[in-house]
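Examining the three-dimensional arrangement
One letter stands for each residue in the lines below.
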Amino acid sequence: LLPIALHQFIYRVQTPTALPTFLLIGPSGSGKTAFLTLAERRAAAQTHTSTAPLSIEALLPDGYVPNSAHYRSPGDPAYERARRLLLLDTPGHGKLRHFATAQLVNPTHVRGIIFVVDAASVADEAGLDETAEYLHDMLLALQKRYTGAKTSKGPKEIPVLIAANKLDLFTALPPHLVKISLEKAISEVRKSRAKGVKDSGVAMGGEEDAVDEENEWLGEGGEGAFEFRQMEEVGTSVAVQGGNVLGGEGSDVKSWWEWVAEQL
Ligand code: GDP
């Protein structure tokens, strides 16, 4: 019996994917690695670095209460267990499609997605467009996962935090403007993508064009602009919270940890 019990124990300890997992996504240079490093440093001694370079096991820092353990006290084993999480970094330059099939289509342990934005870079058009395209594609992947689900219950909800980073920079947009700018830019991405689908549909003359057009349209149909709250219809709430991982005055990522705590 003992070897079996031991085996199960080791299996549990060594399988970090069983922990609630948060994906770090976003354009290259937005601060994902910096946040990962910070989370690793702040975590208590029992944290271990996994052998995979892009994922770390972290602890919710002191002072944040996991949502599932509100009525328990720090030190209680169940409370301490609820603080454990896995942060999974995804390379910003990688094409989303590879990632989407690997992580979003089968996100067994994905508890949430942290989309890191450089709030200074979205102040200019090129940075904004790049970020909006990335975010559009990620949200569309989540929407497809929801609408394509075979079960009647619908798949598990996956909330998204848009972490507006680098607020220490004076060129950074404040979080509410990051939100508005991204919604506007995503409306444009949506329009140009729809045109692309339509044009290729006309060229192909296939019968499934209408279905395709509908599937590729993010959020509500019609003439209105895209808004993040439209994602609630497809099981994804979107929150925008500002912070800075680095900066002269030290880091401030309180609102991000608060969001993480709510999901745990
Ligand atoms: P990644 O490509 O998303 O992993 O981005 P990195 O974590 O490598 O960060 C890209 C650059 O932005 C690095 O030079 C970081 O030092 C810098 N950076 C990250 N977070 C902040 C921040 O909050 N404020 C400032 N000023 N710079 C930051």
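What comes next is a walk through the structure. (Residues numbered from 1 in each chain as written. Predicted model: local features only at pLDDT ≥ 70, side-chain atom pairs only at ≥ 80, totals over all residues. Heavy atoms only, no water.)

Another point: the overall build of the protein chain. Helices and strands together make up the secondary structure of the protein chain, namely eight helices and six strands. Taken over 264 residues, the protein chain has a buried fraction of 45%. Total accessible area on the protein chain stands at roughly 14600 Å², and carbon and sulfur atoms take up 55% of it. (Helix = DSSP H or I, 4+ residues; strand = E, 2+ residues; numbered from the N terminus. Buried < 20%, exposed > 50% of the residue type's maximum accessible area, 1.4 Å probe, protein only. Areas by Shrake-Rupley, 256 points an atom, 1.4 Å probe, with all protein chains shown as cover.)

What follows concerns the site of the ligand. Taken together, 15 residues are adjacent to the ligand, and Gly29, Lys32, Thr33, Ala34 and Asp168 come closest. The contact in question runs from an oxygen atom of the ligand to an N or O atom on the side chain of threonine 33, over 2.5 Å. Leucine 246 places a polar main-chain atom, nitrogen or oxygen, 3.0 Å from an oxygen atom of the ligand. Taking 580 Å² as the accessible area of the ligand by itself, protein coverage stands at 70%. In terms of residues, the shell around the ligand owes the most to one element, helix α2 (residues 32-42), which gives three residues. Of the residues contributing to the shell around the ligand, the split by class is five nonpolar, seven polar and three charged. (Near = heavy atom within 4 Å. Polar contact = N/O pair within 3.5 Å; in protein donor to acceptor, adjacent residues only side chain to side chain. Nonpolar A, V, L, I, M, F, W, Y, C, P; charged D, E, K, R; others polar.)

Here the structure, examined in full by the defined rule, presents 12 salt bridges. The partner of lysine 166 in a salt bridge is aspartate 118, and the shortest N-O contact between them spans 3.1 Å. Within this pair, whereas lysine 166 is found in the loop between β5 (160-165) and α6 (175-204), its partner aspartate 118 is found in strand β4 (residues 110-118), the two being separated by 48 residues in sequence. The exposure class assigned to lysine 166 is partly exposed, which follows from its relative accessible area of 22%. Residue aspartate 118 is classed as buried on the basis of its relative accessible area of 14%. One salt bridge in this structure joins arginine 193 and glutamate 133, with 3.7 Å as the shortest N-O distance. You can see arginine 193 sitting in helix α6 and its partner glutamate 133 sitting in helix α5 (residues 125-147), a full 60 residues away along the chain. (Salt bridge = Lys/Arg side-chain N within 4 Å of Asp/Glu carboxyl O.)

Helix length check: α5 (23 residues) gives 32 Å between terminal C-alpha atoms against 33 Å at 1.5 Å per residue, within 8%. In this structure aspartate 124 caps α5, since a side-chain oxygen of it lies 3.1 Å from the backbone nitrogen of alanine 126. (Expected span 1.5 Å × (residues − 1).)

Looking now at the sheet that holds strand β6 (residues 238-242). The strand order β2-β3-β1-β4-β5-β6 describes an open sheet built from six strands, whose pairing is mixed. Edge positions in the open sheet fall to β2 (55-59) and β6, since each of these has one partner strand only. Direction aside, the axes of adjacent strands within the sheet are offset by 25 degrees on average. Both β2 and strand β3 (residues 84-89) contribute to a ladder of five bridges, which runs antiparallel. Paired with alanine 58 across the bridge in β3 is leucine 85. Running at roughly 165 degrees to β4, α5 makes contact with β1 (21-25), β4, β5 and β6 of the sheet. Across the sheet, helix α8 (residues 254-263) touches β1, β3, β4, β5 and β6, and the angle it forms with β5 is around 170 degrees. (Pairing = 2+ DSSP bridges. Axes fitted to C-alpha atoms, helices over the stretch in contact; angles between N-to-C directions. Contact = heavy atoms within 4.5 Å.)

Moving on, we come to α8. Burial runs high along α8: seven of the 10 residues are buried. Taken residue by residue, α8 has Ser255, Trp256, Trp257, Trp259, Val260, Ala261 and Gln263 as its buried positions.

In this description, an aromatic ring pair is defined by two values, namely the gap between the centres and the angle between the planes. Overall, the coordinates contain five aromatic pairs when judged by the stated rule. On the numbers, 5.7 Å between centres and 85 degrees between planes, the contact of phenylalanine 115 with tyrosine 134 is edge-to-face. Here the residue phenylalanine 115 occupies a position in strand β4, and tyrosine 134 occupies one in helix α5, the gap between them amounting to 19 residues. Residue class for phenylalanine 115 comes out buried when judged on its relative accessible area of 0%. Judged by relative accessible area, which is 11%, tyrosine 134 ranks as buried. Here the aromatic rings of phenylalanine 226 and phenylalanine 228 are separated by 5.7 Å at their centres, their planes lie at 90 degrees, and the arrangement is edge-to-face. (Phe/Tyr/Trp six-rings, centres within 6.5 Å; stacked < 30°, edge-to-face > 60°.)

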